[in-house]
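Residue-level structure breakdown
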Amino acid sequence: MKFDKEYFSKLFLLFWTFAKIAALVVGGGLAMLPVIEETFVNRKKILTSDELLDMISLTQTVPGIIAVNSAVYVGWKVAGFFGAIFAVTGVILPSFLVILFIAILFPELKPDNIYIKGAFAGVRAAITGMIAVTAFNTVKKSVKSKIDAALVVAAFVACAIFKVNPAYVICSAMPVGLLLLVWKKEESK
Amino acid sequence: MSSYFTIFILFCKFSLLCFGGGYMLIPLIISDCVEKYHFLTLEEFGNLLSISQLTPGPVGINTATYVGYLHGGTLSSLLATVGLIFPTFILSSLAILGIRKWKDTLIVRGIMRGTRLSSVALIIYAVTIFLGMSVFTKPIPWQILSGKPLPEDFTISFTGLVIAILSAIAVKKKWCSTTIIIISGAIIGAVFAFVMK
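When you go through chain A residue by residue, the secondary structure sums to seven helices and zero strands. Ordered by position from N to C terminus, the α and β elements of chain A give α-α-α-α-α-α-α. Relative to the compact-globule value of 16 Å for 189 residues, chain A shows a C-alpha radius of gyration of 21 Å, a clear excess of over 25%. With respect to the three principal axes, the spread of C-alpha positions in chain A is 65 × 55 × 25 Å. For chain A, with 189 residues in total, the buried portion stands at 49%. Long-range contacts, defined here as pairs at least 24 residues apart, represent 52% of the contacts in chain A between residues at least 6 apart. Accessible area for chain A stands at about 9500 Å²; split by element, carbon and sulfur atoms hold 69% of it. Where the 19 positive side-chain charges of chain A centre and where its 12 negative ones centre are 4 Å apart.

As structure tokens, this is what we get:
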């Protein structure tokens, strides 16, 4: 990798494209993928569609915000380490500036005005519906057997009813998942 | 100094535990930032999430920035945001650079299987938390399962119920973008507050 004019224009392209995606795509994560494909695969032709598929499968195995995973991947592929840094900076900068501005203006999100209160209550209800659909879809996609269902119920009961910190629940789910996989393998042999 | 370190580590932790989308972060953030450290109240967190849905960018980043600011101003805000991306940056980079086949190893597949199921549970938990802030007037009193009576001020809000059902149908049937759903929710909520007055 040469630090020439072309390299710097790639860095700028990464920063600018990811900043634009983050600023314009409301909803984050998966909503960004079509825009990444259009820009880096179809228009600029610096990523292949195979690499894009590889990126999607990678973002699902590395923990973290999907948008950040994608930016790191595209950044590395296009321009190495600094590419990843510029792409990630682009992804977080618009949200960071907008929310920082809101936080400075409204350091307390406790409105007194009853209409604003009503509007927030309405939005919370709308979000409830949206998350319920996501929950429904993930149950359909991930819960494949009675054991899966039992584990989901156990994790839910631990968090909701026994107030176990969700962090412990996720950590204990890791060895359980591994045991399940090993055990199933023995069974199918 | 140590409190800046705390907020950074806290958001690193959220990042490392986030398998499968922003919604599963909700119970994690509530458990630490609301219940343990009291950076903000549950109602404020609900309102923050409402704002996050209307502003650009990933919900996780928005939450980190705002909660960080509440905790200790602009520097904390930056540290929380960087904390949320730092572990992802390192792990993604390692995955890209070397261990190309790592996602096929038994250990990674086993961990993925477990975390996927626990994130399903956390997303369902997030739904019940939000039900307690919208459709019901108070958090769902799970203690009734052990025979305790239902608190008297626990009732259903019919506006909340109608908006939540409409929103779920609109998302499921792909009637319109989530931005429009959120804005409609806000308008219906405000109009209802006016009518009730």
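Moving on from the model shown.
For the rest of this paragraph, the subject is the confidence of the model for chain A. Overall, the prediction assigns chain A a mean pLDDT of 86, with 94% of residues at 70 or greater. Ranking the elements of chain A by mean pLDDT puts helix α3 (residues 49-61) of chain A last, at 78, and helix α6 (residues 146-160) of chain A first, at 93.

This part takes up helix α4 (residues 66-105) of chain A. With 40 residues, α4(A) extends just 29 Å between its outermost C-alpha atoms, more than 12% less than the 58 Å of an ideal straight helix rising 1.5 Å per residue. The sharpest bend along α4(A) measures roughly 145° and falls at Ala79(A).

Within the fold, Tyr115(A) resides in helix α5 (residues 114-142). For Tyr115(A), the contacting residues outside a window of four places in its chain are Ala190(B), Ala193(B), Phe194(B) and Lys197(B).

So, about the layout of surface pockets. Estimated volume of the second largest pocket: approximately 470 Å³. As for the second largest pocket, its lining consists of 23 residues, and the residues nearest its centre are Ala121(A), Arg124(A), Met133(B), Ser134(B) and Ser157(B). When residues of the lining of the second largest pocket are traced back to their parent elements, those giving at least two are α5 of chain A together with α3 (42-54), α6 (158-172) and α7 (178-196) of chain B. Broken down by element, the lining of the second largest pocket gets its largest block of residues, six residues, from α5(A). Each residue belonging to the lining of the second largest pocket can be placed in one class, and the counts come to 10 nonpolar, 10 polar and three charged.

Another point: the state of the cysteines. Taken as a whole, this structure holds zero disulfides over all chains when the rule is applied. Cysteine Cys171(A) is unpaired, with the sulfur of Cys159(A) as its nearest cysteine sulfur at 12 Å. Note on Cys171(A): relative accessible area 39%, which makes it partly exposed. Here Cys18(B) is not cross-linked by a disulfide; its sulfur's nearest cysteine counterpart is in Cys12(B), at 13 Å.

Along its sequence, chain B is organised into domain 1 (2-118) and domain 2 (158-196). Computed from C-alpha coordinates alone, the two centres of domain 1 of chain B and domain 2 of chain B are separated by 28 Å.

As a further point, take empty space enclosed by the protein. All names here are of chain B. All chains considered together, the criterion is met by one cavity of 30 Å³ or more. What the largest cavity holds in volume is close to 30 Å³. Lining the largest cavity are Gly22, Leu25, Ile26, Ile29, Leu49, Val59, Gly60 and Thr63. Among the secondary structure elements, those contributing two or more residues to the lining of the largest cavity are α2 (25-36) and α4 (59-97). Residue composition of the lining of the largest cavity, grouped by class: five nonpolar, three polar and no charged.

Further remarks concern unusual backbone geometry. Residues and elements named next belong to chain A. Even without a glycine there, the phi angle at Lys45 is positive, about 55°. Relative to the elements of secondary structure, Lys45 occurs in the loop between α2 (33-43) and α3. Exposure remark for Lys45: the relative accessible area of 63% places this residue in the exposed category.

The next point concerns the packing of aromatic side chains. If you walk through the whole model with that rule in mind, you get 13 aromatic pairs over all chains. Each ring, one from Tyr7(A) and one from Phe8(A), has its centre 6.1 Å from the other, and the planes form 70°; the classification is edge-to-face. By relative accessible area, Phe8(A) is classed as partly exposed at 47%. Judged by centre distance (6.2 Å) and plane angle (85°), the ring pair of Phe156(A) and Tyr125(B) falls under edge-to-face.

Below, the discussion takes up the pattern of salt bridges. One side chain can pair with another of opposite charge once the charged atoms of both are near each other. Residues and elements named next belong to chain B. One pass over the full model with this rule turns up two salt bridges over all chains. Note that Asp32 and Lys13 form a salt bridge whose closest N and O atoms lie 2.7 Å from each other. Separated by 19 residues along the polypeptide, Asp32 in helix α2 and Lys13 in helix α1 (residues 2-17) bring together distant segments of the chain. Judged by its relative accessible area of 0%, Asp32 is buried.

So, how was this worked out
Residues numbered from 1 in each chain as written. Chains lettered and ligands numbered in written order. Predicted model: local features only at pLDDT ≥ 70, side-chain atom pairs only at ≥ 80, totals over all residues. Heavy atoms only, no water. Helix = DSSP H or I, 4+ residues; strand = E, 2+ residues; numbered from the N terminus. Rg over C-alpha atoms; globule rule 2.2 N^0.38 Å. Buried < 20%, exposed > 50% of the residue type's maximum accessible area, 1.4 Å probe, protein only. Contact = heavy atoms within 4.5 Å. Areas by Shrake-Rupley, 256 points an atom, 1.4 Å probe, with all protein chains shown as cover. Lys, Arg positive; Asp, Glu negative; His and termini not counted. Charge placed at Lys NZ, Arg CZ, Asp CG, Glu CD. pLDDT = per-residue confidence, 0-100. Expected span 1.5 Å × (residues − 1). Bend = angle between axes of the 7 residues up to and from the residue. 1 Å grid on protein atoms, 1.4 Å probe; cavity = no way out; pocket = protein on both sides within 12 Å on 5 of 7 lines; lining within 4 Å. Points joined across faces, edges and corners; volume = space filled by probe spheres on them. Nonpolar A, V, L, I, M, F, W, Y, C, P; charged D, E, K, R; others polar. Disulfide = S-S within 2.5 Å. Domains from an automatic or database assignment. Phe/Tyr/Trp six-rings, centres within 6.5 Å; stacked < 30°, edge-to-face > 60°. Salt bridge = Lys/Arg side-chain N within 4 Å of Asp/Glu carboxyl O.

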